[in-house]
Amino acid sequence: MALFRAVETAERARRRLFEDPYAADLLTGKLKALASFARLPAMGRTVTWFLDIGWPRTRSSAVLRTRVIDDLVQQAVRAGARQFLLLGAGFDSRPYRLPEAHSTAVFEVDHPATQRAKLERLGQRVGSAHDHVRFVPVDFENDDLADTLCRAGFKTEERTVAVWEGVISYLTADAVDHNFRTLARLLAPASSLIFTYVHRGALDGSMAFAEASRWKASVGSTGEPFIFGFDPAELAEYLAPRGFTLASDESTTAAAERYCGPLHRREPGSELYRIATARRAL
């Protein structure tokens, strides 16, 4: 994801979906070199072409979901969210690059090793820009998320915007259920939970998606295959007994139609990859 954000940042300003000045700093080795090539006038399109050939629609879907989530986070903060929770934060740079995030208490939750790597790579790059960020190390296999967050200063009575990006697809059904119920206990009424997921039809074969087989093979080759998805038609019904109401849900293909026209560019996105927003029920 950091590579895709770095390549998008190398786009000409009038075509760019967003700018992430931290993405390239989070990369090492060949990925960092590829991001550097993307900044060269004669090479940028070649890098995009290479990524799209190797991983069909993955880059396109990734940059579109980034823009959608950026906008949803900013809207939530403007509507009154005072805390910003990142679950499985990874190399997400929103706490530093989104101006709205600076007015919130940010809680980055992830494995300690991932957090160390992130801080080492960003180094002095963020400086005092991370004073509002609290890194909450969590071993998801053994630690209690709610207890760990509260001990880190998270306030369950404060309106929050939470982002759960790129995680659900790798979890079991029981783990997804457990996490939704935990978040319902943690998040104050009217809080927003933004999450991404894969269309279940792409996993069980009940629906045909042109990119599904290569996408699943590529993800599976890393040793962490997609194992869970939702049927969009059933999502609202799933959320209700877990304390949430569905506020929005769209594929990255639908997002491309909204965002890319004004930029005079074409991106396919993906019908199988989706971004949803749930509101904590009052």
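Draft legend 1. Structural detail: helix α3 (residues 44–54). Residues of α3 that are buried include every one of G44, V47, T48 and L51, and no others. Summarising the axial view, the buried residues of α3 lie within an arc of 100°, below the 170-degree limit, and thus occupy one face. Looking at the buried side of α3, the elements it contacts are α1 (2–9), α2 (29–38) and α4 (58–78).

Draft legend 2. Looking closely at the packing of aromatic side chains. The final tally for this structure, using the stated rule, is 14 aromatic pairs. Note on F180 and F195: the rings are 5.4 Å apart at their centroids and 85° apart in plane angle, and the pair reads as edge-to-face. Taken together, the positions of F180 in helix α8 (residues 173–186) and F195 in strand β5 (residues 192–198) put the pair 15 residues apart, joining distant regions of the chain. F195 gets classed as buried once you look at its relative accessible area, which sits at 0%. An aromatic cluster is defined as three or more aromatic residues linked by ring pairs; in this entry it consists of W164, F180, F195, Y197, F228, F230, Y238 and F244. The ring of Y238 has R242 sitting right over it, with the charged end atom 3.6 Å from the ring centre.

Draft legend 3. Fine view of the sheet that holds strand β6 (residues 244–251). Sheet architecture is open: 7 strands sit in the order β3-β2-β1-β4-β5-β7-β6, paired in mixed fashion. Across the chains shown, the open sheet's two edge strands, defined by having one partner strand only, are β3 (133–137) and β6. With strand direction ignored, the average angle separating the axes of adjacent strands in the sheet is 20°. Bridging between β5 and strand β7 (residues 273–280) involves 7 bridges; their strand directions are antiparallel. Bridging across to β7, F195 finds its partner in A276. Sitting on the sheet, α4 is in contact with β1 (83–87), β4 (160–164), β5, β6 and β7, with an inclination near 15° to β7.

Draft legend 4. Broad picture of the pairing of β7. Of all 8 residues that make up β7, 6 are buried, and the element is covered over most of its length. Pairing of β6 with β7, which is carried by 7 bridges, proceeds in the antiparallel orientation. In the sheet register, L246 faces β7, and the bridge partner there is A278.

Rules behind the numbers
- Residues numbered from 1 in each chain as written.
- Predicted model: local features only at pLDDT ≥ 70, side-chain atom pairs only at ≥ 80, totals over all residues.
- Heavy atoms only, no water.
- Buried < 20%, exposed > 50% of the residue type's maximum accessible area, 1.4 Å probe, protein only.
- Helix = DSSP H or I, 4+ residues; strand = E, 2+ residues; numbered from the N terminus.
- Arc of directions from axis to C-beta.
- Contact = heavy atoms within 4.5 Å.
- Phe/Tyr/Trp six-rings, centres within 6.5 Å; stacked < 30°, edge-to-face > 60°.
- Lys NZ or Arg CZ within 6 Å of the ring centre and 35° of its normal.
- Pairing = 2+ DSSP bridges.
- Axes fitted to C-alpha atoms, helices over the stretch in contact; angles between N-to-C directions.

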